[in-house]
Amino acid sequence: QVQLVESGGGLVQAGGSLRLSCAASGSIFSINAMGWYRQAPGKQRELVATITSAGNTYYRYSVRGRFTISRDNAKNTVFLQMNSLKPEDTAVYYCYGAIRERFTTVALDRWGKGTLVTVSS
């Protein structure tokens, strides 16, 4: 059974920084893309950033220049460094990974349970 566990959320003032981490564990053969989504109250879940196993990144427009995604392939971990946070960044942040388990041939999206980020004005 594969699990993704996020950490690093919390309450921060506008302009502050937080660093989210997400570690995947279990019967893992390989991980393709990893990334972060977020869901604010009353809104749909939206993609924040992704990173491939080769290190190619994508960011939604509103976080470019403020957020940085990175990963440690040896530890099956993805990070999201969030700087210059704004109240509109307040949301539950979910980690995901396209994970191929051992003895399987297909990579499936796996999700963490989320970590709350609250940015006060």
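Residues numbered from 1 in each chain as written. Predicted model: local features only at pLDDT ≥ 70, side-chain atom pairs only at ≥ 80, totals over all residues. Heavy atoms only, no water.

Quick notes on the pattern of salt bridges
Moving on, step 1. In the structure shown here, the tally under the stated rule is five salt bridges.
Moving on, step 2. When the shortest N-O distance is used, the salt bridge between Arg60 and Glu46 registers 3.5 Å. Taken together, the residues span a long stretch of sequence, with Arg60 in the loop between β6 (57–59) and β7 (67–72) and Glu46 in strand β5 (residues 46–51) at a distance of 14 residues.
Moving on, step 3. Since its relative accessible area comes to 26%, Glu46 is described here as partly exposed.
Moving on, step 4. Between Arg66 and Asp89 there is a salt bridge, and its shortest N-O distance comes to 2.8 Å. Of this pair, Arg66 sits in the loop between β6 and β7 while Asp89 is found in the loop between β8 (77–82) and β9 (91–101), placing the two residues 23 residues apart along the sequence. Of the two residues examined, Arg66 and Asp89, each falls in the buried class.
Moving on, step 5. Among the ionic contacts, a cluster of salt bridges with common partners joins Arg38, Glu46, Arg60, Arg66 and Asp89. (Salt bridge = Lys/Arg side-chain N within 4 Å of Asp/Glu carboxyl O. Helix = DSSP H or I, 4+ residues; strand = E, 2+ residues; numbered from the N terminus. Buried < 20%, exposed > 50% of the residue type's maximum accessible area, 1.4 Å probe, protein only.)

Let's talk about the sheet that holds β8
Moving on, step 1. The strand order across the open sheet built from four strands is β1-β3-β8-β7, with neighbouring strands paired in antiparallel fashion. Only two strands of the sheet have a single partner each, and these edge strands are β1 (3–7) and β7. In this sheet, adjacent strand axes meet at a mean angle of 15° when their direction is disregarded.
Moving on, step 2. Strand direction decides the pairing type here: β7 and β8, joined by six bridges, are antiparallel. Counted as the bridge partner of Arg71 is Val78 from β8. (Pairing = 2+ DSSP bridges. Axes fitted to C-alpha atoms, helices over the stretch in contact; angles between N-to-C directions.)

Points about the nonpolar core
Moving on, step 1. In terms of nonpolar packing, the biggest core is built from 29 residues, with Trp36, Leu80, Met82 and Tyr93 touching the most fellow members.
Moving on, step 2. Where this core is concerned, the elements lending two or more residues are β3 (18–25), β4 (28–39), β5, β7, β8, β9 and β11 (115–120).
Moving on, step 3. With near-sequence residues (within four places) excluded, Tyr93 lies in contact with Glu6, Leu20, Trp36, Tyr37, Arg38, Val48, Phe67, Leu80, Met82, Gly114, Thr115 and Val117. (Core = buried A, V, L, I, M, F, W, Y, C linked by side-chain atoms within 4.5 Å. Contact = heavy atoms within 4.5 Å.)

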